[in-house]
Amino acid sequence: ALLSSLSKDWEVPISKHKPAELLVRIEQQFNLLHCGTVKSTDTVKHLDNYLQGIAVEGKVRTYGLETYADQMATIDRMTGEALTWEKAKDLLPKLLFNFRNDLHKDALCLAAEHYMLMNFDYQFEDECYENDVMLAGRNRKWMPQIKKLIEENDSVFIAVGFLHLYGKCGIVSELRNMGYEVEPVYLNETIAGACLRTFEVELFSGIAPFLAMTGCA
């Protein structure tokens, strides 16, 4: 009954979801309902959609660094094998428990709270786990595309989740290793209408391109 209630407004019915897709969607739903990431006055629920809307309105060309199918395949590779429904059935009750009980709410909402306050430590000197396919692996895959976009355009705005900027394998560090000058730019304003609401937005800029730290992974 709880799962049916959570999914009643989903564009895609549960029956059409793959196991990894369903688990990710439920985690997202928890953040929306319990972590205060969306106001009743917000017109969109995810910053990705907010940025895409701005691009469409301004008739700006957009590119994806990966497809949704790529993301789901990466989640499967995290465990070295595909996430089956049998395995998902073991994880699902644990996720749904959090909707009924606040026992783990503080810990589960901590990341969302840091996002909304932009309270981050990039730890550029920290080593990354080289076998981390979700972050380090995807960053390595993205860098040739990012380099190409920067070289072929006068200016570029690249939006990624915070953890893709973290550590020595993060995109900021990788750009610096390529010889780009990358420095933070502080904008004292509030972004409304999306899951990110903050008093200070930090952007990393090079000479022409911009790498934006977004509030949604």
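### Here we look at the overall build of the protein chain
Alright, step 1. Secondary structure summary: the protein chain contains eight helices and four strands in total.
Alright, step 2. Order of helices (α) and strands (β) in the protein chain, N terminus to C terminus: α-α-α-α-α-α-α-β-α-β-β-β.
Alright, step 3. Classification of the 217 residues of the protein chain by burial places 38% in the buried group.
Alright, step 4. Per element, the accessible surface of the protein chain, about 13,400 Å² overall, is 55% carbon and sulfur.

### Quick word on the pattern of salt bridges
Alright, step 1. Throughout the structure, instances matching the rule amount to six salt bridges.
Alright, step 2. A salt bridge links Arg25 to Glu11; the nearest nitrogen and oxygen atoms lie 3.6 Å apart. Placement of the pair is Arg25 in helix H2 (residues 19-34) and Glu11 in the loop between helix H1 (2-6) and H2, with a sequence separation of 14 residues.
Alright, step 3. Where Lys148 meets Glu152, a salt bridge forms, and the shortest distance between an N and an O atom there is 3.1 Å.

### What to know about the packing of aromatic side chains
Pairs of aromatic rings are described using the distance from one ring centre to the other and the angle between the two planes.
Alright, step 1. The full count for this structure, using the stated rule, is three aromatic pairs.
Alright, step 2. Members of the aromatic cluster, connected to one another through ring pairs, are Tyr122, Phe124 and Phe162.

### Looking at the side chain of His164
Alright, step 1. Among the structural elements, His164 can be located in the loop between strand S1 (157-160) and helix H8 (171-177).
Alright, step 2. Using a relative accessible area of 6% as the deciding quantity, one classes His164 as buried.
Alright, step 3. Sequence-distant contacts of His164, defined by excluding residues within four places in its chain, comprise Met134, Leu135, Arg138, Asn139, Trp142, Gly170 and Ile171.

### Section: the nonpolar core
Alright, step 1. One finds Leu23, Ile26, Leu92, Leu96 and Phe99 to be the most contacted residues of the largest nonpolar core, which totals 19 residues.
Alright, step 2. Secondary structure elements with two or more residues in this core: H1, H2, helix H4 (68-78), helix H5 (85-100) and helix H6 (105-117).
Alright, step 3. Not counting chain neighbours up to four residues away, the residues in contact with Ile26 comprise Leu3, Trp10, Leu92, Leu95, Leu96 and Phe99.
Alright, step 4. Ranked by size, the runner-up nonpolar core spans 18 residues in total, among them Phe120, Ile171, Val172 and Leu175.

### Quick notes on the environment of Leu91
Alright, step 1. Following the sequence through the fold, Leu91 ends up in helix H5.
Alright, step 2. The exposure class assigned to Leu91 is partly exposed, which follows from its relative accessible area of 37%.
Alright, step 3. Other than its neighbours up to four places away in sequence, Leu91 contacts Leu23 and Leu83.

### Considerations on the state of the cysteines
What is meant by a disulfide is a covalent connection between two cysteines, made through their sulfur atoms.
Alright, step 1. Tallying each qualifying case throughout the model produces two disulfides.
Alright, step 2. Paired through a disulfide, Cys128 and Cys169 show a sulfur-sulfur distance of 2.2 Å. Looking down the S-S bond of the Cys128 and Cys169 bridge, the torsion is -90 degrees, so its handedness is left-handed. Of this pair, Cys128 sits in the loop between H6 and helix H7 (133-152) while Cys169 sits in the loop between S1 and H8; the two residues are 41 residues apart in sequence, bridging distant segments of the chain.
Alright, step 3. Given the relative accessible area of 9%, Cys169 is considered buried.

### Observations regarding the packing of H2 against H6
Alright, step 1. The geometry of H2 relative to H6 is characterised by a closest axis approach of 10 Å and an angle of 90 degrees between their N-to-C directions. On the basis of the axis angle, H2 is roughly perpendicular to H6. Across the interface between the two elements, Phe30, Asn31 and His34 of H2 pack against Lys105, Leu108, Cys109 and Ala112 of H6.

Rules and cut-offs
Residues numbered from 1 in each chain as written. Predicted model: local features only at pLDDT ≥ 70, side-chain atom pairs only at ≥ 80, totals over all residues. Heavy atoms only, no water. Helix = DSSP H or I, 4+ residues; strand = E, 2+ residues; numbered from the N terminus. Buried < 20%, exposed > 50% of the residue type's maximum accessible area, 1.4 Å probe, protein only. Areas by Shrake-Rupley, 256 points an atom, 1.4 Å probe, with all protein chains shown as cover. Salt bridge = Lys/Arg side-chain N within 4 Å of Asp/Glu carboxyl O. Phe/Tyr/Trp six-rings, centres within 6.5 Å; stacked < 30°, edge-to-face > 60°. Contact = heavy atoms within 4.5 Å. Core = buried A, V, L, I, M, F, W, Y, C linked by side-chain atoms within 4.5 Å. Disulfide = S-S within 2.5 Å. Axes fitted to C-alpha atoms, helices over the stretch in contact; angles between N-to-C directions. Parallel < 35°, antiparallel > 145°, perpendicular 65-115°, else oblique.

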